[in-house]
Amino acid sequence: MKPMDALSDTEIDELDEFLLSDDTPENCMDISMLDGFFAALVLNPKLFMPGDYLPWVWDREEGEEAPGFTSIEQANRIMALLMRYYNGVLDAIVENHFAPLFYSLIQEDGSKVYEAENWAEGFMLGVFLFIDPWKAVFENDQEYLAPMVLLGTQQGGELLDKSDDVKQARKEAYDSIADAVAVLYDYFAEQREAETRQRMVSAGGHRVPAVSAKVGRNEECPCGSGRKFKKCCGATPTLH
């Protein structure tokens, strides 16, 4: 992805505002969780279509509820931001300059700490939803996932609570996430190349065409429901 295609800070705020708005289900991801979720999808050697993962962006608990877009223009705008954001995460990981997006919290003493739990929860959701390539990591190289497991799972939280210095243990975990992502990208390199070759063979030697972020009223809804946009999020009023 060209740098000019990356989301600006203003566009990231716009996307986060939509994700947290009344137009989305209560269990919709926020921007930090989305960042972690997309990182897990990028690391997975398999290629996923938006219909595979978007339902979980809107409803991280069940993957069933969907947003209520107010217009086709809003749907296309949000889809464009989402696809560009995904490509931004992909580009950063491939180029080895990925920096996870955490919320910062100001403490009573004026110091700043990062809230990385949402990011890690999004990452682990991406792992568990598309688990097959990750099984070998859990079986043989659990340390590669250690910071994400500590911050993003119930079992990890229980381990953190047993630490002598929970604050320090949490800081060490989120400080190591970027390095863990880089290690995992290398870990899956051989599988990723094999999957790419297989896709090329399946496509007759041609590259798989890019997925369009735009949607028409008679096209499949971008929420991932499988229904036409006009029968789903483009309906007036929209009820989910």
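What you see is a predicted model; the values in this text were computed from it and never measured.

Reading guide: rules and limits
- Residues numbered from 1 in each chain as written.
- Predicted model: local features only at pLDDT ≥ 70, side-chain atom pairs only at ≥ 80, totals over all residues.
- Heavy atoms only, no water.
- Helix = DSSP H or I, 4+ residues; strand = E, 2+ residues; numbered from the N terminus.
- Buried < 20%, exposed > 50% of the residue type's maximum accessible area, 1.4 Å probe, protein only.
- Contact = heavy atoms within 4.5 Å.
- Areas by Shrake-Rupley, 256 points an atom, 1.4 Å probe, with all protein chains shown as cover.
- Arc of directions from axis to C-beta.
- Patch = residues over 30% accessible without salt bridge, like charges linked within 9 Å, V, L, I, M, F, W, Y side chains within 5 Å.
- Salt bridge = Lys/Arg side-chain N within 4 Å of Asp/Glu carboxyl O.
- Lys, Arg positive; Asp, Glu negative; His and termini not counted.
- Charge placed at Lys NZ, Arg CZ, Asp CG, Glu CD.
- Phe/Tyr/Trp six-rings, centres within 6.5 Å; stacked < 30°, edge-to-face > 60°.
- Axes fitted to C-alpha atoms, helices over the stretch in contact; angles between N-to-C directions.
- Parallel < 35°, antiparallel > 145°, perpendicular 65-115°, else oblique.
- Nonpolar A, V, L, I, M, F, W, Y, C, P; charged D, E, K, R; others polar.
- pLDDT = per-residue confidence, 0-100.
- Left-handed = near helix turned anticlockwise from the far one by under 90°.

Enquirer: Would you explain the overall build of the protein in this entry?
Expert: Along the backbone of the protein there are 11 helices and two strands. Its helices and strands in sequence order give the protein the pattern α-α-α-α-β-β-α-α-α-α-α-α-α, from N to C terminus. Per-residue burial for the protein yields a buried fraction of 42% across its 240 residues. Here the contacts in the protein between residues at least 6 apart in sequence split such that 65% fall between residues at least 24 apart. For the protein, the exposed surface amounts to about 13200 Å²; the carbon and sulfur share of it is 49%.

Enquirer: When you look at helix H1 (residues 9-19) in this model, what are you seeing that I'm missing?
Expert: Residues lying three or four places apart along an α-helix face the same way, a consequence of the helix completing one turn every 3.6 residues. Among the residues of H1, Glu 11, Ile 12, Leu 15, Asp 16, Phe 18 and Leu 19 are the ones counted as buried. Take H1 and look down its axis: the buried residues cluster within an arc of 160°, on one side only. Exposed residues on H1 whose side chains face more than 90 degrees from its buried face are Asp 9, Thr 10, Asp 13 and Glu 17. Close packing links the buried residues of H1 with helix H2 (31-43), helix H3 (50-58), helix H4 (72-94) and strand S1 (103-106).

Enquirer: Looking at this structure, how should I read a negative patch on the surface?
Expert: Together, Glu 26, Glu 61, Glu 62, Glu 64 and Glu 65 line one region of the surface with negative charge. Relative to the assigned elements, Glu 62 resides in the loop between H3 and H4.

Enquirer: What am I meant to see in the packing of aromatic side chains here?
Expert: The relation between two aromatic rings is expressed through the spacing of the ring centres and the mutual angle of the planes. If you walk through the whole model with that rule in mind, you get 18 aromatic pairs. With centroids separated by 5.8 Å and ring planes inclined at 75°, the aromatic side chains of Phe 123 and Trp 134 adopt a geometry described as edge-to-face. Remark: Trp 134 occurs in the loop between helix H5 (117-129) and helix H6 (135-140) and Phe 123 occurs in helix H5; sequence separation between them is 11 residues. When its relative accessible area of 0% is taken as the criterion, Phe 123 is described as buried. Among the aromatic residues, those joined into a cluster by ring pairs are Phe 98, Phe 102, Trp 119, Phe 123, Trp 134, Tyr 144, Tyr 174, Tyr 187 and Phe 188.

Enquirer: Even after reading the chapter, I still don't get the side chain of Thr 153, so can you show me in this structure?
Expert: Structurally, Thr 153 is set in the loop between helix H7 (146-152) and helix H8 (154-161). Exposure remark for Thr 153: the relative accessible area of 15% places this residue in the buried category. With sequence-adjacent residues up to four places away left out, Thr 153 is seen in contact with Met 124, Phe 128 and Met 148.

Enquirer: It is not clear to me how the environment of Leu 47 should be interpreted in this structure. Could you clarify?
Expert: With respect to the secondary-structure elements, Leu 47 resides in the loop between H2 and H3. Overall, Leu 47 belongs to the partly exposed group, its relative accessible area being 41%. Through-space distance from the C-alpha of Leu 47 to that of Thr 196 is 8.7 Å; in sequence the pair is 149 residues apart.

Enquirer: It is not clear to me how the packing of H3 against H4 should be interpreted in this structure. Could you clarify?
Expert: Packed helix pairs are specified by the crossing angle of their axes together with the interaxial distance, meaning the distance between the axes. It is the contact of H3 with H4, at a shortest axis distance of 13 Å, that shows an interaxial angle of 105°. As the angle between them shows, H3 and H4 are arranged roughly perpendicular. The segment H3 lies against H4, with Pro 50, Tyr 53, Leu 54 and Trp 58 engaging Ile 78, Met 79, Leu 82, Met 83 and Tyr 86. Residue composition of the contact of H3 with H4, grouped by class: nine nonpolar, no polar and no charged.

Enquirer: Help me understand the confidence of the model for the protein in this model?
Expert: Note: predicted coordinates in regions of low pLDDT should not be interpreted at a detailed level. Looking at the protein as a whole, the pLDDT averages 85, with 80% of positions reaching at least 70. Within the model, pLDDT remains below 50 along residues 207-213, and this stretch shows eight contacts once partners closer than five positions in the same chain are excluded. A low-confidence stretch, residues 236-240 (pLDDT under 50), is modelled with 10 contacts involving residues beyond four sequence positions or located in other chains.

Enquirer: Before we go on, may I ask you to explain the packing of H2 against H3 in this structure?
Expert: Close contact between H2 and H3 brings their axes to 11 Å; oriented N to C, the two are set at 160°. With respect to each other, H2 and H3 are oriented roughly antiparallel. Judged by the twist between their axes, the crossing of H2 over H3 is right-handed. Counted together, Leu 34, Phe 37, Phe 38 and Leu 41 of H2 and Tyr 53, Trp 56 and Val 57 of H3 form the full contact between these two elements.

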